[in-house]
Amino acid sequence: MHVHITKLADSAARQSKYIIGLMSGTSLDGLDIALCRISGHGRATKIEVLQFTTCDYPKEVKDKIRTVFAKPHVDLAYLTLLNGWLGRYHGQLVIQALTQWQVDSKDIDVIASHGQTIYHCPAHQHQYSEFGDGTLQIADADHIAVTTGITTLSDFRQKHIAAGGEGAPLAHYGDYYYFSSDSEHRILLNMGGIANLTWLPKGAKFNEVVCSDIGAGNTIMDAYMYRYCAQEYDKNAQLALQGRIHHELLAQLMSEPFINRLGPKTTGPEVFNLAMLAKAQARSGTCSLSHMDVMATLNAFSARVIAKYINNLVEDEPVTIYASGGGYHNPLLVKQIKEALNENFVLASSTELGIDPDAKEAVLFAILANEALSGESDQVQAAAQGKPMVTMGKVSFPD
Ligand SMILES: Nc1ncnc2c1ncn2[C@@H]1O[C@H](COP(=O)(O)OP(=O)(O)OP(=O)(O)O)[C@@H](O)[C@H]1O
Ligand SMILES: CC(=O)N[C@H]1[C@@H]2OC[C@@H](O2)[C@@H](O)[C@@H]1O[C@H](C)C(=O)O
């Protein structure tokens, strides 16, 4: 047997594993690296996040990704080259983090790499009726494995699509395994570029969990700040706080068909972008609105869409919402969500469940890798419509 297969089998059999989760999300802000010690599997999963860092992308890296990100037409040579380059770059960032943490790469069982989503294309979002759902993540894991010397699991979304899902949100799995409770109704709300949530009624089985994208989190706000204000994002909502919500523009934004589509559903910056905003501005006659009023309106848009989705999930029962993602640092967004939520919801942070809100998505991929190695195959029988119970992740060996 190949030595790497033996090593992987040893890791899989071990009660406790060291797994590095890597996430580079739709905000293109950087690479999240979470070093986790994970034991058990399924609902018995236990996690300690031993180290966490976000390696901010320098401008030239963001620009490289932006060249191909969420665009219907790209230079294929550029995309092909970026795929391997970004894998090697992620690998170097992992080595840098391990050096800083004084952790030997030999002690790591596997890396779980999400990669960089370049295009997300569920069937409802494209016009090619002969194809179903599709999604593309780059930063090839063979390059990560060779650069780091660590076996790497990657490309988690394709198996989900192959087995009948939309390729997202994969939070369904980790949120159910790690965060579900028999005594409390919970919602795990992630406010990244795109906002998504997992609704975990107390004592729910996998099939009773609802996990869905909601709509724009920060993505349109970030794109607007980058294009018109030469900033990456509206830090602490400084600009939005100075503006006024334009209600006609807000109503036009709220009329985007995805928002009124029944969940579970997935989307991306392919829909929630500056072109969508421009159309809504044209329809509402608000093309010359000031930057601060546009930002105030976009902030209200994200908050209302999130609160509307949550309010429709359950009426009277008390529910605690555990928030994560960069949007949780946006005070205006959080304030407006709180104001728009029905009284039965309490908004807290995922910190209260032991996970740093910025680390949560990287940890989710570490959990998926743990399941791929040590999950139980009889769970495969428990498939839910559109939420296949399959192992996800492809294996790349370092040599
Ligand atoms: N202090 C802050 N004030 C306002 N917004 C903030 C602040 N800190 C972070 N953000 C927002 O959070 C974003 C990053 O969020 P995050 O890293 O969760 O997104 P992501 O993981 O890339 O997205 P996704 O989950 O959709 O893939 C930033 O681009 C910014 O919009
Ligand atoms: C295709 C893709 O990368 N989707 C991301 C994105 O970012 C948030 C939302 O849109 C979610 O559906 C997903 O990520 C999380 C980690 C998920 O799959 O659960």
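Model, not experiment: these values are computed from the prediction.

The next thing to look at is the sheet that holds strand β10 (residues 319–324). The sheet built from five strands is open, its strands ordered β9-β8-β7-β10-β11 with mixed pairing. What marks the edges here is a single partner per strand, and that holds for β9 (210–216) and β11 (345–349). Adjacent strand axes in the sheet meet at a mean angle of 25°, parallel and antiparallel pairs treated alike. Where strand β7 (residues 185–191) lies against β10, six bridges are found, and the strand directions are parallel. Among the inter-strand pairings, H185 is bridged to a residue of β10, identified as V319.

This paragraph deals with the site of ligand 2. In the neighbourhood of ligand 2, 15 residues make up the surrounding shell, with T117, R157, L170, A171 and D213 lying closest. Between T117 and ligand 2, the recorded distance is 2.6 Å, taken from a side-chain N or O atom to an oxygen atom. Here D213 contributes a side-chain N or O atom positioned 2.7 Å from an oxygen atom of ligand 2. Per element, the largest residue contribution to the shell around ligand 2 is three residues, and it comes from strand β4 (residues 110–121).

Moving on: the UniProt feature "binding site: ATP" (unreviewed entry) in the protein. Per the UniProt record, "binding site: ATP" (unreviewed entry) is found at G25, T26, S27, L28, D29, G30, L31 and D32. Assignment of secondary structure puts D29 in the loop between β1 (16–24) and β2 (30–39). The partly exposed category is assigned to D29, whose relative accessible area is 39%.

On the secondary structure map, T151 appears in the loop between α4 (141–148) and β6 (152–154). By relative accessible area, T151 is classed as buried at 10%. Setting aside residues no more than four positions away along its own chain, T151 makes contact with H4, L8, D109, V110, I111, V395, S396, F397 and P398.

To continue, consider the environment of K64. Relative to the helices and strands, K64 resides in helix α2 (residues 59–66). In sequence terms K64 and L368 are 304 residues apart; their C-alpha atoms lie 28 Å from each other. In this structure K64 touches Y78, L82 and W85, once residues within four positions along its chain are discounted.

Mapped onto the elements of the fold, G217 is located in the loop between β9 and α7 (219–229). Separated by 81 residues in sequence, G217 and L298 have C-alpha atoms that sit 9.6 Å apart.

Let us now look at the layout of surface pockets. Taken as a whole, the second largest pocket encloses approximately 300 Å³ of empty space. What lines the second largest pocket is a set of 17 residues, and nearest its centre among them are K7, S105, K106, I108 and D109. Partitioned by chemical class, the residues of the lining of the second largest pocket number five nonpolar, five polar and seven charged.

Residues of helix α12 (residues 331–340) that are buried: L332, L333, V334, Q336 and I337. Contacts from the buried residues of α12 go to β7, α11 (291–311) and β11. Capping the start of α12 is the job of one residue whose side-chain oxygen sits 3.2 Å from the backbone nitrogen of L332: N330.

Between its terminal C-alpha atoms helix α3 (residues 76–101) stretches 38 Å, which fits the 38 Å expected from 26 residues at 1.5 Å a residue. Within α3, the axis deviates most sharply at L82, by approximately 25°. Among the residues of α3, the N-terminal cap falls to D75, whose side-chain oxygen and the backbone nitrogen of A77 are separated by 3.0 Å. Positioned one or two residues after α3, Q102 has a phi angle of 55°, which is positive.

Right, let's get into the state of the cysteines. With the rule as written, the count across this model stands at zero disulfides. The cysteine C36 is free of any disulfide, with C55 supplying the nearest cysteine sulfur at 15 Å.

Below, the discussion takes up the domain arrangement of the protein. Under the domain assignment used here, the protein contains domain 1 (3–167 + 364–377 + 388–396) and domain 2 (171–353). Taking the mean C-alpha position of each, domain 1 and domain 2 sit 24 Å from one another. Listed as interface residues are 28 residues of domain 1 and, on the opposing side, 27 residues of domain 2. Here domain 1 meets domain 2 over a buried area of about 2,200 Å², counting both sides, of which 56% is carbon and sulfur. Summed over the shared surface of domain 1 and domain 2, the result is three salt bridges. The residue R66 makes a salt bridge to E232 at a minimum N-O spacing of 3.0 Å. Of all the secondary structure elements, the ones that give two or more residues to the side of domain 1 that touches domain 2 are β3 (46–56), α2, β4 and α13 (360–374).

Cut-offs used in this document
Residues numbered from 1 in each chain as written. Chains lettered and ligands numbered in written order. Predicted model: local features only at pLDDT ≥ 70, side-chain atom pairs only at ≥ 80, totals over all residues. Heavy atoms only, no water. Pairing = 2+ DSSP bridges. Helix = DSSP H or I, 4+ residues; strand = E, 2+ residues; numbered from the N terminus. Axes fitted to C-alpha atoms, helices over the stretch in contact; angles between N-to-C directions. Near = heavy atom within 4 Å. Polar contact = N/O pair within 3.5 Å; in protein donor to acceptor, adjacent residues only side chain to side chain. UniProt positions renumbered as here; feature names shortened; annotations may be inferred. Buried < 20%, exposed > 50% of the residue type's maximum accessible area, 1.4 Å probe, protein only. Contact = heavy atoms within 4.5 Å. 1 Å grid on protein atoms, 1.4 Å probe; cavity = no way out; pocket = protein on both sides within 12 Å on 5 of 7 lines; lining within 4 Å. Points joined across faces, edges and corners; volume = space filled by probe spheres on them. Nonpolar A, V, L, I, M, F, W, Y, C, P; charged D, E, K, R; others polar. Expected span 1.5 Å × (residues − 1). Bend = angle between axes of the 7 residues up to and from the residue. Disulfide = S-S within 2.5 Å. Domains from an automatic or database assignment. Buried area = accessible area lost by both parts, 1.4 Å probe. Salt bridge = Lys/Arg side-chain N within 4 Å of Asp/Glu carboxyl O.

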